Amino acid sequence: MGTDISDLDSFAAKIWAAVIAIIFLMFVIAVVASILVTQRTVGRIEEINATSRAIMQSGLDKRIPLRGSHDEWDRVAENLNLMLDRIEALMGDVKQVSDNVAHDLRTPLTRMRGRLEKAFHGGRIGENDQALIGDTIADLDAVLGMFSSITRIAHIETQVRKGAFRNVNLVEIASEVVELYDAAAERDGTDLSITGDREVRVTGDRDLLFDAIANLVDNAIKHGRAGGKIVVACENVDDGAVIAITDDGPGIPQCERDHVFKRFYRLEQSRYTPGNGLGLSLVAAVANLHGARIEMLDHSPGLQFKLWFSAPAS
């Protein structure tokens, strides 16, 4: 009888041990499964975040990768990609309309200017008429310049200019810009100077880099403080190069800095001062073509524009 009880206790102990082992195993499996599911979920979320960051930095040409599992995450990715396709198509249509308008209006406006130029130098009109024609020609030049900027930005944004990329010295380009704008700065009593390293190499289109730096310097002269100081600095950094244009003017409010690179956007809402709001748009297009990062910093007082370039290709 005692042996039967002992065997029963031993069997019960084995049952309890088996139950505990099964519970422990189920717990381990649940933990491992939850970790795998969490990692998979976090991985898919990170893919979406990475694509979102790439879109914010470089444009709408990026898409969320699909894994072919046809699960809920793949369906979410497909819907988001379709939405991006639609947004890209709509933005492309709007951009195409503005580019076509700019292109189509340049020809008749150029012909109109030619006729006015011929009448201006004809010598058979009075002084008042000649002054009126001269003012009209100046207005047409401003409109033609605006259309030329639009088509130039569109040309840059198509990234067809990368064939002209070369290893260039950023200091040499900046020096030419400073020399070009030295007289304009002197008329305003502004001290325009260049400083930094003697040689800063980047890979890019020399003419486009010249235009971008020239627009930033011109912007600093126009909107900086009269009799102030503008410094153009070129420096080598660990992972590339940087050029900074610093002024001591009123600067740009923090709330406006996300908008100043948009086409036709101007801080002065009355739009009475000369300009068309395309200068910084061209700078942004050139920077994007070169993979450069734009940074705006307070200079207290004033503003500092920085263009960060990656190291030139060997």
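Criteria and thresholds
Residues numbered from 1 in each chain as written. Predicted model: local features only at pLDDT ≥ 70, side-chain atom pairs only at ≥ 80, totals over all residues. Heavy atoms only, no water. Helix = DSSP H or I, 4+ residues; strand = E, 2+ residues; numbered from the N terminus. Buried < 20%, exposed > 50% of the residue type's maximum accessible area, 1.4 Å probe, protein only. Contact = heavy atoms within 4.5 Å. Pairing = 2+ DSSP bridges. Axes fitted to C-alpha atoms, helices over the stretch in contact; angles between N-to-C directions. Patch = residues over 30% accessible without salt bridge, like charges linked within 9 Å, V, L, I, M, F, W, Y side chains within 5 Å. Areas by Shrake-Rupley, 256 points an atom, 1.4 Å probe, with all protein chains shown as cover. Salt bridge = Lys/Arg side-chain N within 4 Å of Asp/Glu carboxyl O.

Caption draft 1: Representation of the overall build of the protein chain in the model. Tallying secondary structure elements over the protein chain gives six helices and seven strands in all. For the protein chain, the α and β elements follow one another from N to C terminus as α-α-α-β-α-β-β-α-β-β-α-β-β. Among the 314 residues that make up the protein chain, the fraction classed as buried is 30%. When contacts within the protein chain are restricted to residue pairs at least 6 apart in sequence, long-range pairs at least 24 apart make up 68% of them.

Caption draft 2: Here's a closer look at the pairing of strand 3 (residues 201-204). Only one face of strand 3 is covered, namely the one carrying V202 and G204; the face carrying R201 and T203 has none of its residues buried. Note: strand 1 (residues 166-169) against strand 3, four bridges, orientation antiparallel. Across the sheet, the residue bridging to R166 is G204, located in strand 3.

Caption draft 3: Highlighting the sheet that holds strand 4 (residues 229-237). Ordered by their spatial adjacency, five strands build an open sheet running 2-4-5-7-6, and the pairing between neighbours is mixed. On the outer flanks of this sheet lie strand 2 (191-196) and strand 6 (293-298), each paired with one strand and no other. This sheet shows a mean twist of 15 degrees between the axes of neighbouring strands, independent of strand direction. With seven bridges connecting them, strand 5 (residues 240-246) and strand 7 (residues 303-310) associate as antiparallel partners. The residue bridging I245 from the neighbouring strand is F305, located in strand 7.

Caption draft 4: Representation of the environment of L132 in the model. Counting through the fold element by element, L132 comes out in helix 3 (residues 127-157). The class for L132 is exposed, based on a relative accessible area of 54%.

Caption draft 5: Examining a nonpolar patch on the surface more closely. Taken together, the side chains of F24, F27, V28, V31, V32, I35 and L36 make up a nonpolar region of the molecular surface, amounting to roughly 640 Å² of accessible area. You can see V31 is positioned in helix 1 (residues 2-58).

Caption draft 6: Fine view of the pairing of strand 5. Within strand 5, seven of the seven residues are buried, which leaves the element mostly enclosed by the surrounding structure. Where strand 4 lies against strand 5, seven bridges are found, and the strand directions are antiparallel. By the bridge assignment for strand 5, C234 is matched with I243. Hairpin geometry of strand 4 and strand 5 is characterised by an intervening segment of two residues between the two adjacent antiparallel strands.

Caption draft 7: Quick peek at the side chain of H290. Here H290 shows up in the loop between helix 6 (279-289) and strand 6. In this structure H290 comes out as buried when scored by relative accessible area, which is 9%. When neighbours within four sequence positions are excluded, H290 is seen to be in contact with F165, T203, G204, D205, L208, L209 and F309.

Caption draft 8: View of the pattern of salt bridges. Taken as a whole and assessed by the stated rule, the structure comprises seven salt bridges. Two residues, D248 and R225, come together in a salt bridge whose shortest N-O distance is 2.8 Å. Separated by 23 residues along the polypeptide, D248 in the loop between strand 5 and helix 6 and R225 in the loop between helix 5 (206-223) and strand 4 bring together distant segments of the chain. Classification of R225 as partly exposed rests on a relative accessible area of 44%. Across the pair R293 and E295 runs a salt bridge whose closest N-O atoms are separated by 3.9 Å. Exposure remark for R293: the relative accessible area of 46% places this residue in the partly exposed category. Three or more residues are tied together by salt bridges with common partners; here these are E172, E176 and R206.

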